[in-house]
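# Descriptive structure summary
These are the residues of each chain, in order.
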Amino acid sequence: MSQTPVEARGLVKQYGRITAVDHVDLTVNRGDVYGFLGPNGAGKTTTLRMMLGLIFPTAGTVRLFGRDPIAEGAAALDGVAGFVEAPQFYPYLTARKNLQMMAAYDGGDASSRVEESLKSVELTGRADDKVGGYSHGMRQRLGIAAALLRQPKLLLLDEPATGLDPGGMRDMRVLIRRLADDGMTVLLSSHLLAEVEELCDRVAIVRAGRIVYEGALIDLKASAKSAYRLRTTDNAKALKVCEAQAGIASARIEGAAIRMEANESAMGELSVALIEASLQIIALMPETATLEDLFFHLTEGSTPGEIDFPATQASVVGEHL
Ligand SMILES: Nc1ncnc2c1ncn2[C@@H]1O[C@H](COP(=O)(O)OP(=O)(O)OP(=O)(O)O)[C@@H](O)[C@H]1O
Ligand SMILES: [Mg+2]
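Presented here is an overview of the structure given in this document. Predicted model, so just to flag it, every value in this text is computed and none were measured.

Conventions adopted
Residues numbered from 1 in each chain as written. Chains lettered and ligands numbered in written order. Predicted model: local features only at pLDDT ≥ 70, side-chain atom pairs only at ≥ 80, totals over all residues. Pairing = 2+ DSSP bridges. Helix = DSSP H or I, 4+ residues; strand = E, 2+ residues; numbered from the N terminus. Axes fitted to C-alpha atoms, helices over the stretch in contact; angles between N-to-C directions. Contact = placed C-beta atoms within 7 Å. Near = placed C-beta within 6 Å. Nonpolar A, V, L, I, M, F, W, Y, C, P; charged D, E, K, R; others polar. Buried ≥ 20, exposed ≤ 12 C-beta atoms within 10 Å, placed from the backbone.

This part takes up the sheet that holds strand 4 (residues 59-64). Spatial strand order, 2-1-4: three strands in an open sheet with antiparallel pairing. Whereas interior strands pair on both sides, the edge strands pair on one side only; in this sheet they are strand 2 (18-28) and strand 4. Looking at each pair of strands side by side, their axes are set apart by 20° on average, direction ignored. Examined bridge by bridge, strand 1 (residues 6-15) and strand 4 share five bridges and lie antiparallel to one another. Its bridge partner lying in strand 4, valine 12 is registered against alanine 59. Across the face of the sheet, helix 1 (residues 44-51) comes into contact with strand 1, strand 2 and strand 4 while running at roughly 120° to strand 1.

Let us look at the site of ligand 1. Around ligand 1, the neighbouring residues are Tyr15, Ile18, Ala20, Gly38, Asn40, Gly41, Ala42, Gly43, Lys44, Thr45, Thr46 and His191. Of all elements in the fold, only strand 2 and helix 1 reach the threshold of two or more residues within the shell around ligand 1. With three residues, helix 1 is the single largest residue contributor to the shell around ligand 1. Split by residue class, the shell around ligand 1 holds four nonpolar, seven polar and one charged.

Turning to the pairing of strand 12 (residues 257-262), a few remarks are in order. Here strand 12 shows one buried face, formed by Ile258, Met260 and Ala262, and one open face, formed by Ala257, Arg259 and Glu261. The pairing of strand 10 (residues 226-232) with strand 12 spans five bridges and is classified as antiparallel. Among the inter-strand pairings, leucine 230 is bridged to a residue of strand 12, identified as isoleucine 258. Direction of pairing for strand 11 (residues 248-254) relative to strand 12: antiparallel, over a ladder of five bridges.

What follows is about the sheet that holds strand 5 (residues 80-83). An order of 5-6-7-3-8-9 is seen for the six strands of this open sheet, with the pairing classed as mixed. Both edges of this open sheet fall to strand 5 and strand 9 (210-216), since each of them pairs with a single strand only. Within this sheet the neighbouring strands show an average axis-to-axis angle of 15°, counted without direction. Pairing analysis gives six bridges linking strand 8 (residues 202-207) to strand 9, with the strands arranged antiparallel.

Shape descriptors only; they carry no functional weight alone.
Below, the structure written as structure tokens:
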């Protein structure tokens with residue numbers, strides 16, 4: 001049996017004329033905290049529904065640890081838990097009772113994990129309150145507690161922090177980080193780059209049902225072109241060094257500084273070249289928060305085919321460009 005937690009290949013979901021998910025390929029490896037990032041309507045929930053075997057794909061396949069959730073149903077979800085959109089509970093029952101019922105339905109020794117799950121999401125003190133009176137953040141945490149009853153190796157979470165206040169978001173991040181540190185593989189969807197940036201090492205960025213980037217966040221960051229302003233002890237001489245440096249574009253003197261476009265690695269090399277030319281750096285200022293820019297560019301461009309993606313990433317995005 002494959003040990004790869006998630007392998008989606010050529011996944012398509014068509015609703016009439018709408019292609020909600022359009023040939024999505026996605027691989028989540030063991031130990032990943034994987035971010036599935038995209039704006040509203042991009043197809044995140046629909047993809048997760050197919051992964052959990054809740055809806056049939058129009059085309060393509062999903063394998064969770066090598067098993068097909070569509071063909072094998074519940075058996076394929078052994079070791080997998082999570083929720084799409086909002087976790088569902090009986091509002092007139094207490095949190096503890098809700099979990100006890102779920103555990104009884106799941107069978108096995110799940111009942112023995114109710115208290116531990118409540119504790120893990122810090123709801124022990126409110127466990128005898130009716131879920132109907134729970135705040136949004138408490139419900140999301142209870143959703144994770146319900147998932148933990150199954151002792152998952154893979155956790156699939158659809159926008160777990162959306163709608164939470166900043167403190168609630170931080171608590172959710174801490175909780176997910178802790179679960180990941182305990183060895184759980186996590187796939188979480190989000191429309192917030194900052195959230196994914198804090199939690200995830202690998203991402204798929206989805207737009208209008210299509211993956212426009214899949215890979216390490218660090219590679220995406222490194223390829224993001226930034227503008228920088230540089231001041232040195234001799235700007236005229238430094239300009240010549242900048243112009244000779246590979247990976248630096250549009251260098252020109254603007255007031256007391258040199259402005260240029262470059263990626264992070266080119267700037268690193270430039271700093272060495274400046275020192276070799278006996279020039280001292282007085283100030284170096286990045287001009288824009290470019291990962292954010294890149295995300296908007298990737299998800300809001302006119303059509304996916306027209307995205308002007310940094311050259312180094314073209315191979316990663318492959319045929320979807
Ligand atoms: N049951 C359905 N019937 C018709 N269209 C649907 C259905 N489910 C989803 N869609 C459409 O598929 C597209 C993707 O929806 P989806 O809910 O997967 O997006 P999302 O990325 O989860 O968005 P959000 O961030 O708003 O949750 C949307 O255009 C949506 O209207
Ligand atoms: Mg959604």
